[in-house]
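What the coordinates show
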Amino acid sequence: DAGVTQSPTHLIKTRGQHVTLRCSPISGHKSVSWYQQVLGQGPQFIFQYYEKEERGRGNFPDRFSARQFPNYSSELNVNALLLGDSALYLCASSVSESEQYFGPGTRLTVT
Amino acid sequence: GIQVEQSPPDLILQEGANSTLRCNFSDSVNNLQWFHQNPWGQLINLFYIPSGTKQNGRLSATTVATERYSLLYISSSQTTDSGVYFCAVSGNNDMRFGAGTRLTVKP
């Protein structure tokens, strides 16, 4: 079975631009969560979606938004990029509020 | 929100040694997981252990939920065990990670 997939793998953007990151969960998983991991730190929770509804939101500005589609895939959008948004963005899927499985991440560099 | 503290922050071992990593958390939790992050950033699931004890080969974990801590044991360490180990807990639709323990196993 395929694991969690994320695209793109790497991305370079300029300050002020917009970015969209994509995630496909494990088949049968209905919950998707997004995390930001800055170099040298643990992942920080951004959003959780379950059955297309937002179930949790971390302490991130409104520039960050997400949505989940009927096939349970998800997009993370970040507007007005700042240098500090450079990070590894991780997506995780789970059946519900249970064990989470992580994708390989998208490494975003903002210049 | 729930606070997660991991100790030690860094650990250097000789191959073959045993180690214990600790995770303390500040409130009751529904879920607790241990992960190993490889050099490419992939988080690999080690244990899903909100309570009790589990073993998988040279690794085992124990969570005492009433006392709000979990332990990860690594026995007969190998160089491939090197990397960062994270504890993550969730209580209310958000998973909180500790800062991690960076393990280096020397040959």
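Quick summary incoming for the structure in this document. (Residues numbered from 1 in each chain as written. Chains lettered and ligands numbered in written order. Predicted model: local features only at pLDDT ≥ 70, side-chain atom pairs only at ≥ 80, totals over all residues. Heavy atoms only, no water.)

**Observations regarding the environment of Thr66(B)**
Relative to the assigned elements, Thr66(B) resides in the loop between strand E7 (59–64) and strand E8 (69–74). Classification of Thr66(B) as exposed rests on a relative accessible area of 74%. (Helix = DSSP H or I, 4+ residues; strand = E, 2+ residues; numbered from the N terminus. Buried < 20%, exposed > 50% of the residue type's maximum accessible area, 1.4 Å probe, protein only.)

**A short note on the sheet that holds strand E3 (residues 19–25) of chain B**
Hydrogen bonds along the backbone pair up the strands of a sheet, which may run parallel or antiparallel. Residues and elements named next belong to chain B. Strand order in the open sheet formed by five strands is E1-E3-E8-E7-E6, with antiparallel pairing between adjacent strands. Each of the sheet's edge strands pairs with one partner strand only, and the pair in question is strand E1 (4–7) and strand E6 (52–56). Sheet twist, expressed as the mean angle between neighbouring strand axes with direction ignored, is 15°. Direction of pairing for E6 relative to E7: antiparallel, over a ladder of five bridges. What sits directly across from Thr 53, in E7, is Thr 62. (Pairing = 2+ DSSP bridges. Axes fitted to C-alpha atoms, helices over the stretch in contact; angles between N-to-C directions.)

**Side note on the nonpolar core**
Trp34(B), Leu72(B) and Val89(B) are the most contacted members of the largest nonpolar core, which totals 22 residues. Counting only elements with at least two residues in this core, the list comes to strand E2 (10–14), E3, strand E4 (31–37), strand E5 (43–48), E7, E8, strand E9 (83–90) and strand E11 (101–106) of chain B. Those residues in contact with Val89(B) that sit more than four places away from it in its chain are Ile2(B), Val4(B), Phe25(B), Val29(B), Asn31(B), Leu32(B), Asp94(B), Met95(B) and Arg96(B). If you look at the next biggest cluster of nonpolar residues, it comprises 21 residues, including Ile26(A), Tyr49(A), Leu76(A) and Val110(A). (Core = buried A, V, L, I, M, F, W, Y, C linked by side-chain atoms within 4.5 Å. Contact = heavy atoms within 4.5 Å.)

**Focus on the state of the cysteines**
Residue and element names in this part refer to chain A. Applying the stated rule across the entire model yields two disulfides over all chains. What pairs with Cys 23 in a disulfide is Cys 91, and their sulfur atoms sit 1.8 Å apart. Across the S-S bond linking Cys 23 and Cys 91, the dihedral sits near -65°, which makes this disulfide left-handed. Of this pair, Cys 23 sits in strand E3 (residues 19–24) while Cys 91 sits in strand E9 (residues 87–94), placing them 68 residues apart in sequence. Each of the two residues, Cys 23 as well as Cys 91, counts as buried. (Disulfide = S-S within 2.5 Å.)

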